[in-house]
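Here are the chains, one letter per residue:
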Amino acid sequence: MHADPTFLEGLWFVLIGILWIGYFVLEGFDFGVGMLIRVLGRDDVEKRMIIHTIGPVWDGNEVWLLVAGGATFAAFSAWYATVFSGFYLALFLVLAALIVRGVSFEFWGKVESARWRASWEWALTIASAAAALLFGVAWADFIHGVPMNSAHQMTGTLWDLLHPYALLGGLVTVSLFFTHGATFLSLRTRGDLEQRAKAIARRTAPIAAALTAAFLVWTALDLHFSAARVVLALAAGAVAAGLPAAARRESARDAFAATAGAIALLMVVMLAALYPNALPSTTNHAYTLSLAQAGNSHYTLVVMTVVAVIFVPIVLAYQAWSYWVFRHRLGREDFEGPGTPTPLAVFDQKFPRKEDSDRETAAATPATAAGDGTVQR
Amino acid sequence: MNTLDLARTQFGITTLFHFIFVPISIGLALFVALCQTRYYRTGHESYLRMTKFWGKFLLISMAIGVVTGIVQEFQFGMNWSLYSKYVGDVFGAPLAMEGLIAFFLESTFLGIWIFGWGRLSPRVHLASIWLTSIGTMASAYFILAANSWMQHPVGYKLNPVTHHAELTSIFKVLTNSTVLLAFPHTILGAWTTGGMLVIAVCAVLLLRRRHSEVVSRSLRMALPFTLVAVLATMAFGDGQARLMEKQQPMKMAAAEALYNTTKGASFSIFATAGLERHPSHLSKDIRIPHLLSLISDLSWNGTVKGINQINAAEQKKYGPGDYVPIVGVTYWTFRLMIGAGVLMLLISLGGLWLMRKRKLEVSRRFQKLAVLGFVLPILANWTGWIFTEVGRQPWVVFGLLKTSDARSPNVSSADLIITLSGYIVLYGILIAIGGWLMSREIKHGPEPDPDPDQPPATSSPSARRELVLSY
């Protein structure tokens, strides 16, 4: 019961943790950008720009969640089975939010109607906020523990997962992802939108920092080890002081690094607080599901380790390359004119290069303006 | 409906919905990659127009396939937690590999392909659609390896303490004889689906008298592509049926509704009976003498095992119980799948014959048939899937775990009804909008052929470079 995790179990806990950190750092700004579309986008051109900043990458970012789920299934089947069946309705809401969010990008530009677009913008905003909230609530529940019986089956209802500590966790992720989306937009756009994104980040960074620090302090109070308390207090202080300071800086890169760092730090704390458990039971401490209990066979973990050692670097390399390909800032002039920014419309767009004045291409270019790929800078 | 039925209904509905779009995406990704390769090699603008036109259908299909795919992965843990605990050590590995090796590849490079027009060199851009296509196929391999393990478990042992299955050889799981046939059968079926979609859309455009080079070149590619894919799907399907007689004899006997072991067994073409495991009698039954023995045993008077005898043998092996699936379902899904395959074969053959006679573009009758023909691959994919899953019942993992012992004990009927209604509403909206978007793309049609009076854009090398970069 209280056996320590083996080396491979520990390694897989770390790997799954890295997948979650990657997911929150990457999809975190997708959620933030989704929540910001109506806050920052003053007209259709700006909204189109906003959607285009995450257009090429959001689907790849979502795979981090899928792989985190798959890795949990492969390495800790009992953990996967307990959490997924126990957080049943919460998980359904997450899935519904992810589905709505995924299609709202696609459908937004399909009809030239203010009402249609406003509906999809609201769908995108609400679904992004709901997913961000639910992930924070879920992770706070993971470390806090849930009602669970001796067979490792969760016994509570959806409402048992929504206690104050968990709700604070949800507010932390919503505010952090919101700010993260703003720093991302200030990194990926230029001009007026860039400045307004910066201003938003400056205003919300202190709120996100305060909520995160409060959450870390609350977590520290629940812990029994004094050393861990000190570390958590330091982390809370670092976020509280560092995040607002970084958001005030001129460099968008620094501000983005700070929000990404705060999310990563929060996740490291969560993972450290959870270890060596997979899911604590609040019903009876003896019913807690430990990593050692949930771990799969040594052979499976060896196989998966070999697969991960080969493929994780490859995946990281091409995902990094895709961010490098789409590193250019988007400006208003790239999107002026009718046309839609959705992936489908990319096919209809011509992409005249500014420095090139080839008349044939100019003649062939319809009113549709260029999209993401317009200008190589 | 009890909770087990609800959980099964949910899995069935969400999987069938997801499985409309997966084969379309796999087939179209390959077709689009082939179009773009031809453009890259020949520089002929019509192949570029084809790439862009079919690419739009690929994107709509991928978008819906991706968002509904997340539900698929999570559902094992949500509704089938006992199953997940029982098989996770074996089943989780191919699933995690699918995510790490295939999903990252297809989603990242699809994004690069969509937004990389004009930003990447033509060679790298072409590579990105091929990597997307390879990703879709790799994903199919891993999920079919996982499913094949449920049909024919290999490379595992039972843990004496937990009584759960544990992986002993990943190599055996990935080279399971079942997946070595199921993978080509399913992939070729997906290529058929993509080909039939292209043929149907071209037929709609021809019916609306919107003939263009894109339509004729697409048909010239899709018809032979589909013919070869259908024939090969059938060949591997035949291999699967022979393997199944050894691995899951009950499923094959149920496919033929052959209740008693027979020498020189006749083949039933059309029969009806109640949807029970043991219907008292067949109300209609048209049979061809000796054909079943000929097919399964390759001999006139060969013995074919019947459901009742196999059931008795399984009772001896696995203990008391009923090991018969609902025969009406297996019998009819098997026939509908094969019937749809034969019709697709006829459509692609007929189309090729008309093309040779240069009548393809004027034969309204064929065009109307080809439009209707698009239901066939979906019907075949659905019935094939239902057959293989229902035919395995009462097992969820053949010989190891029964479906009734697999679900999540702490998920109530109310939970299931809430989520099932939610999925039905969400998926209903998805299919309505997806279908509407596709019909808009058909209405919009491909870019028209360039005006012959205008000098072609490819005339000068600099204009050529510009066009490559400008999309």
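Remember, it's a predicted structure, so these values are computed and weren't measured experimentally. (Residues numbered from 1 in each chain as written. Chains lettered and ligands numbered in written order. Predicted model: local features only at pLDDT ≥ 70, side-chain atom pairs only at ≥ 80, totals over all residues.)

Re the pairing of strand 5 (residues 284-288) of chain B
Residue and element names in this part refer to chain B.
Point 1. Among the 5 residues that make up strand 5, 0 are buried, leaving the element largely open to the surroundings.
Point 2. Inspection of the sheet shows strand 4 (residues 267-272) paired to strand 5 by 5 bridges, in the antiparallel sense. In the sheet register, threonine 272 faces strand 5, and the bridge partner there is lysine 284. (Buried ≥ 20, exposed ≤ 12 C-beta atoms within 10 Å, placed from the backbone. Helix = DSSP H or I, 4+ residues; strand = E, 2+ residues; numbered from the N terminus. Pairing = 2+ DSSP bridges.)

Focus on the interface of chain B and chain A
Point 1. Across the boundary between the two partners, chain B contributes 63 residues, which contact 67 residues of chain A.
Point 2. For the side of chain B that touches chain A, the secondary structure elements donating two or more residues are helix 2 (45-79), helix 3 (81-115), strand 2 (165-167), helix 14 (413-444) and helix 15 (461-470) of chain B.
Point 3. Among the elements that take part in the side of chain B that touches chain A, helix 3 of chain B stands out by supplying 23 residues, more than any other.
Point 4. The residue makeup of the side of chain B that touches chain A, split by class, is 35 nonpolar, 18 polar and 10 charged. (Contact = placed C-beta atoms within 7 Å. Nonpolar A, V, L, I, M, F, W, Y, C, P; charged D, E, K, R; others polar.)

Regarding unusual backbone geometry
Point 1. With an omega of 0°, the peptide bond between Tyr275(A) and Pro276(A) qualifies as cis.
Point 2. Even without being a glycine, His152(A) presents a positive backbone phi close to 60°.
Point 3. Topologically, His152(A) is positioned in the loop between helix 6 (114-144) and helix 7 (164-188).
Point 4. A positive phi is found at Ala257(B), a non-glycine position, where the angle reads about 50°.
Point 5. Tracing the sequence through the fold places Ala257(B) in the loop between helix 8 (249-256) and strand 3 (262-263).

Quick notes on the domain arrangement of chain B
All names here are of chain B.
Point 1. We note that the domain assignment places domain 1 (3-238 + 328-470) and domain 2 (249-324) within chain B.
Point 2. Computed from C-alpha coordinates alone, the two centres of domain 1 and domain 2 are separated by 32 Å.
Point 3. The interface of domain 1 with domain 2 comprises 10 residues on the first partner and 11 residues on the second.
Point 4. Residue contributions to the side of domain 1 that touches domain 2 peak at 5 residues, all from helix 11 (residues 327-356).
Point 5. Grouping the amino acids of the side of domain 1 that touches domain 2 by side-chain chemistry returns 5 nonpolar, 4 polar and 1 charged. (Domains from an automatic or database assignment.)

Description of the nonpolar core
Point 1. In this structure, Ala131(A), Trp54(B), Ala96(B) and Ile199(B) are the most contacted members of the largest nonpolar core, which totals 275 residues.
Point 2. For this core, the element with the most residues is helix 3 of chain B, which contributes 21 residues.
Point 3. Setting aside chain neighbours within four positions, we find Trp54(B) in contact with Leu28(B), Phe31(B), Val32(B), Cys35(B) and Val198(B). (Core = buried A, V, L, I, M, F, W, Y, C linked by C-beta atoms within 7 Å.)

A few points about the confidence of the model for chain A
All names here are of chain A.
Point 1. Of all residues in chain A, 87% have pLDDT values of 70 or greater, and the mean over the chain is 83.
Point 2. Across chain A, helix 7 holds the top mean pLDDT of 94, while helix 14 (residues 359-364) sits lowest at 38.
Point 3. Low pLDDT (under 50) marks residues 338-342, which in the prediction has 20 contacts with non-local residues, meaning those over four places away or in another chain.
Point 4. Here residues 350-377 scores under 50 on pLDDT; set against residues more than four positions off or in separate chains, the count is 61 contacts. (pLDDT = per-residue confidence, 0-100.)

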